[in-house]
Amino acid sequence: MKRVMIGAWVCAGLWLVACAPEEMPQAADGRALYMEYCSACHGENARGDGPMARAMTPAPKDLTLISLRHGDSFPRAKVLSTIDGYTKSDLAGPSMPEFGELLEGDLIPLDTGDGKMTPTPRKMVALVEYLESVQQTR
């Protein structure tokens, strides 16, 4: 009987661990992704001054000004769409590449600003959290 009780408690503990929600990515998690995928063009500090920026027309945008360009509000859905390539640039010249690797992996719920939780790739959420953390304010 004692073994059955111990087994029941072990199973209950494992069930609770399996059901616990995973931690949401933080800005620090996204910085490494930013450095790998974005810094060559947008620069180490996201100001549009990466090593490749001089050769680009138009120049990469200063990503620290996203909120200021959108009325002091960080447009998560628009940023996600730009990163994943869903919204294509209409600018002449080379546009921002699509980052398919960021779309791989597990999905986590994210409110993109409409109050609805949308399944979003974890890496994308981490990158958006980082970009939101580097926004300038007035």
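By convention here, each chain's residues receive numbers from 1 onward along its written sequence. Local features in this predicted model are restricted to residues whose pLDDT is 70 or higher, and side-chain atom pairs enter the listing and the counts only when it is 80 or higher, whereas totals over whole chains, interfaces and linings include all residues. Side-chain numbers come from the whole structure's heavy atoms, not from hydrogens or water.

## Some remarks on the overall build of the chain
Counted only if it meets this: Strands here are runs of E lasting at least two residues and helices are runs of H or I lasting at least four, both read from the DSSP assignment and numbered beginning at the N terminus. Only heavy atoms enter the contact rule, under which two residues are in contact if any of them lie within 4.5 Å. Only the protein chains shown count as covering a residue, and every accessible area follows the Shrake-Rupley method with a 1.4 Å probe.
Along the backbone of the chain there are 6 helices and 2 strands. Ordering the α and β elements of the chain from the N terminus gives α-α-α-α-α-β-β-α. Intrachain contacts of the chain at a sequence separation of at least 6 include 48% that bridge at least 24 residues. Counting every atom, the chain has about 9,300 Å² of accessible surface; 60% of that belongs to carbon and sulfur.

## Topic: the packing of aromatic side chains
We apply this condition: The rule is short: rings of Phe, Tyr and Trp, with Trp giving its six-membered ring, pair when the centres are within 6.5 Å, and they are stacked under 30 degrees, edge-to-face over 60, tilted in between. Burial here depends on accessible area, computed with a 1.4 Å probe over protein chains only, as a share of the maximum for the residue type. Under 20% is buried, over 50% is exposed, and the range in between is partly exposed.
Within the structure shown, the criterion is met by 1 aromatic pair. Considering the side-chain rings of tyrosine 34 and tyrosine 130, the 5.2 Å spacing of their centres and the 45° angle between planes classify their relative orientation as tilted. Taken together, the residues tyrosine 34 in helix H2 (residues 27-37) and tyrosine 130 in helix H6 (residues 122-133) connect sequence positions 96 residues apart. An identical accessibility class is assigned to tyrosine 34 and tyrosine 130; each is buried.

## Remarks on the pattern of salt bridges
Counted only if it meets this: Here, a salt bridge means any Lys or Arg side-chain nitrogen found within 4 Å of an Asp or Glu carboxyl oxygen.
Throughout the structure, instances matching the rule amount to 4 salt bridges. A salt bridge links arginine 138 to aspartate 72; its shortest N-O distance comes to 3.0 Å. Taken as a pair, arginine 138 in the segment after H6 and aspartate 72 in the loop between helix H4 (66-69) and helix H5 (76-84) lie far apart in primary sequence, 66 residues in all. By relative accessible area, which is 73% here, arginine 138 ends up exposed. Notably, a salt bridge pairs arginine 76 with glutamate 129, separated by 2.7 Å at the nearest N-O pair. Of the two residues, arginine 76 is situated in helix H5 and glutamate 129 in helix H6; the sequence distance between them amounts to 53 residues.

## Topic: the packing of H5 against H6
Two quantities define a packed helix pair, namely the angle between the axes and the distance from one axis to the other. Just so we agree on the cut-off: Orientation is described by lines fitted to C-alpha atoms, with helices fitted over the stretch in contact, and by angles between N-to-C directions that extend from 0 to 180 degrees. Note on terminology: angles under 35 degrees are roughly parallel, angles over 145 are roughly antiparallel, angles of 65 to 115 are roughly perpendicular, and the others are oblique. Helix crossings are classified by the rotation of the near helix relative to the far one: an anticlockwise turn of less than a right angle makes the crossing left-handed, while a clockwise turn makes it right-handed. Three classes are used, and their members are as follows: Ala, Val, Leu, Ile, Met, Phe, Trp, Tyr, Cys and Pro are nonpolar, Asp, Glu, Lys and Arg are charged, and the others, Gly among them, are polar.
For the pair H5 and H6, interaxial distance at closest approach is 10 Å and the crossing angle is 120°. Looking at the two axes, H5 sits oblique to H6. Judged by the twist between their axes, the crossing of H5 over H6 is right-handed. Across the interface between the two elements, Arg76, Val79, Leu80, Ile83 and Asp84 of H5 pack against Met124, Leu127, Val128, Glu129, Leu131 and Glu132 of H6. In the contact of H5 with H6, the residues fall into 7 nonpolar, no polar and 4 charged.

## Section: the pairing of strand S2 (residues 117-121)
Where we set the bar: Two strands pair under a simple rule: DSSP has to find at least two bridges between them.
One ladder, built from 5 bridges, connects strand S1 (residues 107-111) with S2; its direction is antiparallel. Counterpart to aspartate 111 in the pairing with S2 is methionine 117. Connecting S1 to the next strand, S2, in antiparallel fashion are 5 residues, including glycine 113 with a positive phi near 120°.

## Section: the nonpolar core
The condition is simple: For this analysis, a nonpolar core means a set of buried residues of the types Ala, Val, Leu, Ile, Met, Phe, Trp, Tyr and Cys, connected via side-chain atoms within 4.5 Å.
Counting 23 residues, the largest nonpolar core has Tyr34, Val79, Ile83, Leu102, Leu127 and Leu131 as the members making the most contacts within it. Looking at this core, the elements that each hand over two or more residues are H2, H5, S1 and H6. If you tally residues by element for this core, the top one is H6, at 7 residues. Setting aside residues no more than four positions away along its own chain, leucine 102 makes contact with Leu33, Tyr37, Ile83, Pro121, Lys123, Met124 and Leu127.

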